[in-house]
Structure formats: C-alpha cells, structure tokens
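# Notes for the structure review
Listed below are the residues making up each chain.
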Amino acid sequence: MDLKYSPTDIEQKWQRHWEETKTFAVTEDRAKRKYYLLEMFPYPSGRIHMGHVRNYSIGDVVGRFKRMRGFNVLHPMGWDAFGMPAENAAIQNKSHPATWTYENIAYMRGQLKKMGLSYDWGRELATCDPEYYRWEQRIFLEMYAKGLAYKKTSFVNWCPQCETVLANEQVEDGGCWRCASPVTQKELDQWFFRITEYAEELLEWTDRLPGWPERVLVMQRNWIGKSFGCEIDFPLEGGTGAIRVFTTRQDTLFGATFMSLAPEHPLAAELTTPERRGEVEAFIDKVKKTERIKRTAEEFEKEGVFTGSWCINPLTGARMPVYLANFVLMEYGTGAVMAVPTHDQRDFEFAGKYSLPMQVVIQPAGETLDPAAMTAAFTEAGTMVNSGRFDGMASEAAKEAIADYLQSEGIGRKTVNFRLRDWGISRQRYWGNPIPIIYCDSCGVVPVPEKDLPVRLPMDVEFTGEGGSPLAKLESFGNVPCPLCGKPARRESDTMDTFVQSSWYFLRYCCPEFTEGPLDRERVDYWMSVDQYIGGIEHAVLHLLYARFFTKVLRDLGYIGCDEPFTNLLTQGMVIKDGAKMSKSKGNVVDPNALIDKYGADTARLFSLFAAPPEKDLDWSDQGVDGSFRFLNRVWKLVHDRLDLIRDAGAPELSALTPEERILRRAVHKTIRKVTEDIEGRFHFNTAIASVMELLNTLQTAESNTPQGGAVMKEALESMVLLLAPFVPHISEELWQRLGHGTPLSGSAWPEYDRDAVVEEELLVVIQVNGKLRSKVTVPVGTDEEAVKSLALADEKVLPFIEGKEVRKVICVPGKLVNIVVG
C-alpha cells in the first residue's frame, strides 16, 4: 500500500471507476425523491477557467451531498455551442465553425472529467447538433402558428463592415466589438418572439420564487417594468390625427409645454416641414450612430430638433412645438413623451437648452416655485396649481381624478404599460439555428413542413469575414421550391439568437435521446422543475427571463406541466486576483490545468469552496491553495497513522464510554450536525470545511489508548471521510477503501448525527479577573448561576488575583464565562 498521498494516481483511478461503472447515470425512479441540479452550461471557448472550476465545484458538492442523502439526483452537462466566436475563429484560422467548436468541446470535456464532477455524461448535448436544434425549429413553428413568433420592421444596431445586427452588449464606444467600425441604427425586417404576451405572468411569478435572490427578482421586475398610467391623445394642429403618449404623470398634464418624439417615430417624417427637413434628417443620422443604451443615460447630453409642426395640449388648448429628442426611444411607451420641464429633469434640461416655455403645476408644501428661478425640476408630490378644476388637490389624488376626467371626455384612457419589449431573435450570422421559414412570391411566408426538419446548416460555406452571413449568399441553401405551390422560393437566411438555445436546454436534458418530439412529457414532468440552478449574476435578466418565458410557452403548447423552470437559484461570485476579475487582458489568469497537475483536482476544488461563501467574490491566494493541499496531506497521514489502531475495531459500546471517549465522540457528532446544516439549504461550504478542519485537529491530539479508543477513532475517521466526500471526492473514495470498505463511498449514505451524543453533560466556564483569563472550570449542565459565581470566587488559581481587593461585581454569562471585577 502506497502511504504517500499521490493526487494524480488516485484521481485517475477513481475517475476511471466512475466512468466505467456509470456511477452517476440516473433514470426516473418514483420510489425516490428526485433532485435536479444544474449549473449554467458553458460556451465551448476552448479552455475552462477558474470561474468554471468554482461554479462546477459548488454544484458538485450539492449533487454528491443529495445523492448521499438518498435523492435520485439528475446532474447533467452540455454545451451552449452556437455563437459569433466560432465564426470569428473560422475566419482567423480558415476552418469551419463546427470543427473549432467540436474540438473545443472534446478538450473541455476532458478538463471537466479531470475535476471529478459527478455528471451523467450520457445526457450530454450540444446546441449545434442538428438533433437538438431540429426540435427548436419545430417549437418555433408552433409558436409561429400561435402568433407568438412574428416578423416586423425594427431599428437595430448595425455594423456595416460585418453586415450584421449587434446586441447592445456588442457595441463598444460606438463601434463594433469585432472590427471597431462605427455602428449605425438600421431599419430591418426581424423575427420576434412575443414575450410581452406573458409580461403579466412573468411579473406575477417573481413574487412566488422564494428560492431566488431578491436582487435578481428586483432586476427582472424592473426589466418587465409594469406601470399604471394613461394614454393621452394630443391633436395635431391644422390637420387630422393625433400624437398618442403614455404617461404615469397625468397630474402634470397642465404643465406640458412641448412634445418629444423618438427620432425613429413613424410620425417623424410626416411632421417634418419642408424648411426643417435638412436639419431634421441630419439630426436623425447623428442619432443613428449613437448607442441606444447611451441615449437613456442620465449624464448624456439632451439634444433635439424642431420638426416645424405643433400639437395641442388637450386640457389647456395651448400649442406645443413637436421636437425629435435623442433621449426618447421608440421601444419605451409609445415613442412620444409629453414634456413637462418643471416636473421632469430631462425635460427641464432640454427646455433650458432650447428656450422652451415652462409652467409650474405642482407646488411643494411651504414654498412657491418660480420657473424662472428653478435650477432643477421638482419631481415630488405636492399641491396642484395652474390646473383648472384640479387646483388645490394633492397631486397623488389628482392623478386618479385627471385619469377619470380624460376617460370620461374621450381624451385618454387608463392603461397599464410594460417596459418589456418583444424579443428580437434574428441574427445575420451563419453559426446559429436556421429559422425554418420560406418566402414565396405567390404564397408569402411559408413555414418549413415538419417532415423537412431540421433545416441543416450547410457545411460547404466560405468564411471571409466580409459581406455578412454566408447563408445569404449560398444559392444551394437559399434557393428552394415553395412547399405549397412548388414555385421557386427563397429560404430565410437569418439564424436564431443563441439565447433561444439556452432557454430550453434544461428540459431536453430530461430526455436527450427522445426522437418523437422535442420533449417526453412523462419524463420531463418527473424531473422538472430544476431544484437548484447555479450561475453568474450577469444572466439575471436576459437568460433567466427568456428561460422563464420559454417554460411558460412550452407549458401552454402541452409539452410540460411546470410553470417555472428553476425552483432555487444561486448566483455565485467571481474569482478575483490582484484586485480584479481574472482575465487574459489583465494578465492575472490562473490556469486550472497547471493547478490540477501540481496539486490535484481535490485541492483546486477545496480551495475554491473554502476561500469564500459561494455567493461572494473569491480572492485568489497561492498560500490558500498550499494550505488546502497541506490539509489533505494531514487527513491522509492521520488515517494511515491510525489504521493499525482501528483495524479490528467494531462499533463503540455507548454505555461503557469513558469521559475522554465521550468527549471525542461528541466532537465528531457535533461536526456531523454542523456540516449537514451548513450544506443543506445554506450552502455555507466554507464554514462546513472549517468544521472538518477543527475535527482533524481534535483527532490528531486525541488520546487513543483508552478501552474503546479504537472503536471511537474508527467511527471518527469514517465520519470525517464521509463529510469530506462532497468536497474532495477522490481522496475520500481512496481513504474509504483503505479503511476497509469494499463498497465505494459514492454509494454510501451521509452520516447521521447521534442526538444523545451532542447533548452537553458538562460545560466549560472561563473565569476572568478584570477581563483577563485566570482559570477554567467544568460544571454540570443546569448549574445555578450563583453556584457558578461561588465556584469562580473560590477557585485556587483565581484567589491570588482577588485577595485583599474589593470585589465590585461578578458578571456571569451562563454556561460560558465569569468575569470578576475588582478594584
């Protein structure tokens, strides 16, 4: 038997065993409680980083712990494999995205297996596999049939060099993140998912997810953005029609002095008079080159241009000039804003810049505002003034009164508005899921027949990085007969946003080999919802909101029975080194491969779990890694040093334990209780590990030549190894085997603590004099407080410090401490 701790040999041995025996493969078993554990699947970029190590180690602790607790644990892994990086790599390396992607998957799979993660690899999937995305295409077609997928014209971020739509996150300082070309706003036909159809339910359920961090729920509520207000029509001067606005501040309507339209508003061109056209068009071109997210920033300079047209305030009858303003976005409200400069800060700044009129209509208590003297808008509640019949009312009450009046007069109506907008899924890229639509001059928009799915990505494409998506230029892909009339038609060349694939992958894990449809309802209903989902806070809105939306859509399509995808959510912190998040650009990256080769996967796992609670950022420490490795060596040595002592030992006879044996056994079972409580529900892995470290210290100094020393020590060592198993599974399996067990630890049950053992029979009381430690005394549990004080005052080690002095008071903390204050 090799007595030296050799992580590489041990880890390879047990990884082979787990793989050969399919230890972590699961099927539906209704006799067991199910537990579906999932970490957000990775993009196959080529290498795992320390953030992956931490994220997947956190999940693995939970999975192994639940399995030992008797749960039927589903813990799958796969690959979020579509996306622009693969295309960029193909352009740079003159290869195919599929080649790059699958090579990366193979390498990263090997890295994850070296970490000893308890995945059911038989359920592995990659979203770029046609056997995955064929079912996504079918779901798209079902959504299209229900009106949940549709096409419309929309303004998008457009890179003219790459000839593709860019997400807001891909626009950096006004330029394309890949080629740095100036990004413009372009009007394109785009496919959308009607997520707004589910806005109310998505919002409602944020109050029914107690297992989610409140921070994430608040972010989703704000993103959905439900607000109560009024739609109001402002008639156009000298013509027909009106400008419709949505406002939550109808109490300020009497103070509206001009109108602000988004430059993208459909009325922008119509309302521009001939003499203003040149200036207006120049302004619109300028706005098109501005990042949309910048336009809404508070510090962004407010700019606009007068269209030459006017509208009428429906309550005051005043003429209001109609401006285009760079801070108004078409996707918010109606794309038109009634401007009230005295009571909205953006309008105040805009009015000051362009010398527009201002009218105070809400006065604060005890003060009279003068528009000419105001330095900022007054946005709080107050008393109505200059508001006709509503003068003197509290402004909050006036909101309801004015809304009722507008509705009764047919000028406006009460309504609910959502900030959430439909999800644009079109991408002008190759490496994505083809949208299964055909365009026919005779038949119009034609869904691809289900029998022709999947619409496969062609392999015979050339990647140059110029001219947009190769799909749009590939005749063999684009030219197809119309499924309805047989005439020449054209296939849709856009592919789906990669967020679509990650919005339902967790469902496909439940039945990855199912060939009769996207999902096997019976199996999915057994496993769903995911009991614990783990991933970064950066996914708080988009991915998590889209996954919730897709779950509800698939429920309504009859594929699943659950309402929400994830019962509990943990957002883990980042890995920090030298004060910054690890990144290649900062030169502070730690290579997991090098770490595992030097110390072993168990050390890498242990440090990432011990250095900080999961939800907090982890500060990298080379000394901390060394300390974790030393701890495992101490565990290894202790077990081997005690093997002869425990070889023939059985279970301890509890009624015959000596006081020393009873104290040691109490320490063991208190540790079992502490570690169990720390893992279950709380995920306090760092304090759980610290408890095992304390137990190790106790065991190293414990007296072993007592009557039942071998039996108590055997129970202690076995318990310690079992408690470590979720954190450091390889060394735990090996030590379990060396402790004489023929069955692998991965099939063993989690230890239960003995309630009688943890009951304290005696308490250790510290005795201080004027706050300094002078003695310790043990007393039976339940000893009267006055009796403890008397013992302290009579203690022979204490007497020299109090004799001849005045005892001013004796402070007692029951069961813990006595402090004698003398003068």
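Source: prediction; values computed, not measured.

### Quick word on the overall build of the protein chain
Scanning the protein chain from N- to C-terminus turns up 28 helices and 32 strands. With respect to the principal axes defined by its C-alpha atoms, the protein chain has extents near 105 × 80 × 50 Å. Here the protein chain holds 823 residues, and 55% of them are scored as buried. Restricting the contact set of the protein chain to residue pairs at least 6 apart, pairs at least 24 apart contribute 72%. Both charge centroids of the protein chain, one from 96 positive and one from 115 negative side chains, sit 2 Å from each other.

### Quick word on the domain arrangement of the protein chain
A common way to express how large an interface is: the accessible area buried when the components associate. Domain annotation for the protein chain reports domain 1 (7–127 + 502–581), domain 2 (139–194 + 422–498), domain 3 (227–417), domain 4 (622–747) and domain 5 (762–822). Relative to domain 4, the C-alpha centre of domain 3 lies at a distance of 70 Å.

### As for the sheet that holds strand β1 (residues 34–39)
If you trace the 4 strands from one edge of the open sheet to the other, you get β2-β1-β24-β25, paired in parallel fashion. A single partner strand is all that each edge strand has here, and the edge strands are β2 (72–74) and β25 (569–572). For this sheet the average axis-to-axis angle between neighbouring strands, irrespective of direction, equals 20 degrees. Bridge count between β1 and strand β24 (residues 532–536): 3 bridges; the pairing is parallel. Bridge pairing links L38 to Y533 in β24. Of the strands in this sheet, β1, β2, β24 and β25 are in contact with helix α2 (residues 50–68), which crosses β1 at around 170 degrees.

### Concerning the environment of A702
Note on placement: A702 falls in the loop between α23 (685–701) and α24 (709–724). Its relative accessible area of 18% is what places A702 among the buried residues. The spacing of A702 and L664 is 38 residues in sequence and 7.3 Å in space, taken between C-alpha atoms. Apart from the residues lying within four places of it in its own chain, the contact partners of A702 are L664 and M713.

### A look at the sheet that holds strand β16 (residues 412–418)
With antiparallel pairing, the 3 strands of this open sheet are ordered in space as β9-β8-β16. The sheet terminates laterally at β9 (242–247) and β16, the two strands that pair on one side only. Geometrically, the sheet is characterised by an average inter-axis angle of 30 degrees between neighbouring strands, direction not taken into account. Strands in contact with helix α12 (residues 395–409) are β8 (226–235) and β16; relative to β16, the strand with the most contacts, it is inclined by about 120 degrees.

### Focus on unusual backbone geometry
With omega at 0 degrees, the peptide bond leading from L453 into P454 counts as cis. Looking at the element boundaries, P454 is found in the loop between β20 (444–447) and α13 (475–478). The phi dihedral of S355 is positive, around 55 degrees, even though this residue is not glycine. A positive phi is found at N770, a non-glycine position, where the angle reads about 50 degrees. For N770, the location among the structural elements is in the loop between β29 (762–769) and β30 (772–780). The exposure class of N770 is partly exposed, given its relative accessible area of 43%.

### Details of α23
Across its 17 residues, α23 extends 25 Å between first and last C-alpha, which sits within 8% of the 24 Å expected from 1.5 Å per residue. Taken together, the buried positions of α23 are F685, N686, A688, I689, S691, V692, M693, L695, L696 and L699. Contact partners of the buried residues in α23: α2, α19 (601–610), α20 (622–641), α22 (659–679) and α24.

### As for the packing of aromatic side chains
Applying the stated criterion across every chain yields a total of 44 aromatic pairs. Above the ring of F477, the side-chain terminus of R491 is found at 5.3 Å from the ring centroid.

### Some remarks on the pattern of salt bridges
Evaluation of the coordinates by the stated rule reveals 55 salt bridges. Among the salt bridges present, the one from R555 reaches E201, with a minimum N-O distance of 2.7 Å. Of the two residues, R555 sits in helix α17 (residues 542–556) while E201 sits in helix α6 (residues 199–204), which places them 354 residues apart along the sequence. Taking relative accessible area as the criterion, R555 reaches 18% and is therefore assigned buried. The partner of D563 in a salt bridge is R555, and the shortest N-O contact between them spans 2.7 Å. Classification of D563 by relative accessible area gives partly exposed; the value is 29%. Within the structure, one salt-bridge network assembled from shared partners comprises E201, R548, K552, R555, D556, D563 and E564.

What counts as what
Residues numbered from 1 in each chain as written. Predicted model: local features only at pLDDT ≥ 70, side-chain atom pairs only at ≥ 80, totals over all residues. Heavy atoms only, no water. Helix = DSSP H or I, 4+ residues; strand = E, 2+ residues; numbered from the N terminus. Buried < 20%, exposed > 50% of the residue type's maximum accessible area, 1.4 Å probe, protein only. Contact = heavy atoms within 4.5 Å. Lys, Arg positive; Asp, Glu negative; His and termini not counted. Charge placed at Lys NZ, Arg CZ, Asp CG, Glu CD. Domains from an automatic or database assignment. Pairing = 2+ DSSP bridges. Axes fitted to C-alpha atoms, helices over the stretch in contact; angles between N-to-C directions. Expected span 1.5 Å × (residues − 1). Phe/Tyr/Trp six-rings, centres within 6.5 Å; stacked < 30°, edge-to-face > 60°. Lys NZ or Arg CZ within 6 Å of the ring centre and 35° of its normal. Salt bridge = Lys/Arg side-chain N within 4 Å of Asp/Glu carboxyl O.

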